[in-house]
Amino acid sequence: MAEVGDGSSDPALPGLAEDPFFDVRLEALRALARGGATDSIPTIAARIADKDPQVAAAAVDMLTRLGPVGIAALAASLRNANLSAELRDRALAALREAGAIDGAESALRAIAEDRSLPVDSRALAHSLLLVYGTGADRRAATPVLLRALLTGAEMSSQDAAIEGLVAAGPAAAGDARATLLDPNISRYAFDRLLQAFPRIAREEAPAALMALFDELASSRDDDRAEIVQTLAHCAGKQLSDS
C-alpha cells in the first residue's frame, strides 16, 4: 500500500491507526513514531493489544524510540492482564534494550514472582530489577536466573540471566558455584557461568575458584583447566589494577 503521511501532526493518523486493515494500522503507527511527538504515544500504546501480531509488535518497538514517556507507556502495558505471553516477553526485551524500567518496577516484580510464568520471562524480569531497579531480592532472583541459564530457550534470555547474576553479585556466588559443580551442566552453560563468575563473586573470586577446582571431580579435567585459566585471568587483572 502507499505509505501513510509522515508525522503525528496529521489529524487523520489516529483514526488510521484503528483502520480495519492491518497494513493501514501498521503504516499509521510508523508515521506517528516518525513524527516523534509524545502526544502520539497513547495511540501507539493502544495498539499493543492489536489483534494482528505484526501491529502489536510494531507498537512495542516504536514506544522504545519515543524516549522516557514511551518507555513509561510500554512499562504500563505490562500491567495489562490480557497481554499475550509473546508480547509480554517482547515488552520485557524492549525494556532491556532501552536500559530503563521507569514506572515498571511493580509490574516486573509481579512477573518475577509469578511461578506460573515461564522461567525465561521471570528471569528477564528479575534481571531488569537487579540491573536497573532498586531493592531487588537477590537471593530470590538467583535460582530463577540460574534455571534460565541452564534451560533457557533463547540466547537472549541466557544473556539476561548472566547480567542479572553479575548484578546480584556475591549474594549469587554460592548458588553459582554449586551450579558449576553440577555434573549435568551443559558445556555452554558451564563456560558462560565460569566466564562471569569473577564478576559475580568479585573480591572473593580467587578463593572461590580455587575451592571450586578442588571440589570438581578429577574426571572433569577440561573444566578444571578452564578454572585455572580463569584464575590466571583474575590474577592478571589484579596486577593490572594495582
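Note that this is a predicted model, so its numbers are computed, not measured. (Residues numbered from 1 in each chain as written. Predicted model: local features only at pLDDT ≥ 70, side-chain atom pairs only at ≥ 80, totals over all residues. Heavy atoms only, no water.)

Caption draft 1: Region of interest: the overall build of the protein. Along the protein, the regular secondary structure elements total 14 helices and 0 strands. Taken from the N to the C terminus, the helices and strands of the protein come in the order α-α-α-α-α-α-α-α-α-α-α-α-α-α. Overall, the protein is about 70 × 40 × 35 Å in size when its C-alpha atoms are taken along their principal axes. Residue pairs at least 24 apart in sequence account for 59% of intrachain contacts in the protein once pairs closer than 6 positions are excluded. A total accessible area of about 12,000 Å² is found for the protein, and carbon and sulfur atoms account for 52% of it. Distance from the positive charge centre (24 side chains) to the negative charge centre (35 side chains) of the protein: 3 Å. (Helix = DSSP H or I, 4+ residues; strand = E, 2+ residues; numbered from the N terminus. Contact = heavy atoms within 4.5 Å. Areas by Shrake-Rupley, 256 points an atom, 1.4 Å probe, with all protein chains shown as cover. Lys, Arg positive; Asp, Glu negative; His and termini not counted. Charge placed at Lys NZ, Arg CZ, Asp CG, Glu CD.)

Caption draft 2: Quick look at helix α11 (residues 173-181). Turning to α11, its buried residues are Ala173, Ala176, Thr179 and Leu180. Looking down the long axis of α11, one finds its buried residues gathered within 125° of arc, a one-sided arrangement. Of the surrounding secondary structure, the elements contacted by the buried residues of α11 are α9 (138-151), α12 (187-201) and α13 (205-215). (Buried < 20%, exposed > 50% of the residue type's maximum accessible area, 1.4 Å probe, protein only. Arc of directions from axis to C-beta.)

Caption draft 3: Geometry of the packing of α11 against α13. Two numbers describe how α11 lies on α13: the axes approach to 10 Å, and their chain directions differ by 30°. Between α11 and α13, the crossing angle belongs to the class labelled roughly parallel. Between α11 and α13 lies a crossing whose hand is right-handed. For the pair formed by α11 and α13, the contact residues are Arg177, Leu180 and Leu181 on the first element and Ala208, Ala211, Leu212 and Glu215 on the second. Of the residues in the contact of α11 with α13, the class split is 5 nonpolar, no polar and 2 charged. (Axes fitted to C-alpha atoms, helices over the stretch in contact; angles between N-to-C directions. Parallel < 35°, antiparallel > 145°, perpendicular 65-115°, else oblique. Left-handed = near helix turned anticlockwise from the far one by under 90°. Nonpolar A, V, L, I, M, F, W, Y, C, P; charged D, E, K, R; others polar.)

Caption draft 4: Structural view of unusual backbone geometry. Its identity as a non-glycine residue notwithstanding, arginine 202 has a phi of 60°, on the positive side. In this fold, arginine 202 is placed in the loop between α12 and α13.

Caption draft 5: View of the environment of leucine 231. Positionally, leucine 231 belongs in helix α14 (residues 221-241). Look past the residues within four positions of leucine 231 in its chain and what remains in contact with it is Pro206, Leu209 and Met210.

Caption draft 6: Examining the packing of aromatic side chains more closely. Tallying each qualifying case throughout the model produces 0 aromatic pairs. In this structure, arginine 224 packs its charged tip against the face of phenylalanine 213, placed 4.3 Å from the ring centre. (Phe/Tyr/Trp six-rings, centres within 6.5 Å; stacked < 30°, edge-to-face > 60°. Lys NZ or Arg CZ within 6 Å of the ring centre and 35° of its normal.)

Caption draft 7: Just the pattern of salt bridges, in detail. A full pass over the atoms with the stated rule returns 13 salt bridges. With a closest N to O distance of 3.0 Å, arginine 30 and glutamate 27 form a salt bridge. Linking arginine 30 with glutamate 27, this pair stays in helix α2 (residues 22-35), spanning 3 residues, or about one helical turn. Take glutamate 27: its relative accessible area is 11%, and that puts it in the buried class. For the salt bridge of glutamate 226 with arginine 187, the shortest nitrogen-to-oxygen distance reads 2.6 Å. With glutamate 226 in helix α14 and arginine 187 in helix α12, the pair connects residues that are 39 residues apart, well separated along the chain. Among the charged side chains, a network of salt bridges with common partners joins Arg187, Asp191, Arg220, Asp223 and Glu226. (Salt bridge = Lys/Arg side-chain N within 4 Å of Asp/Glu carboxyl O.)

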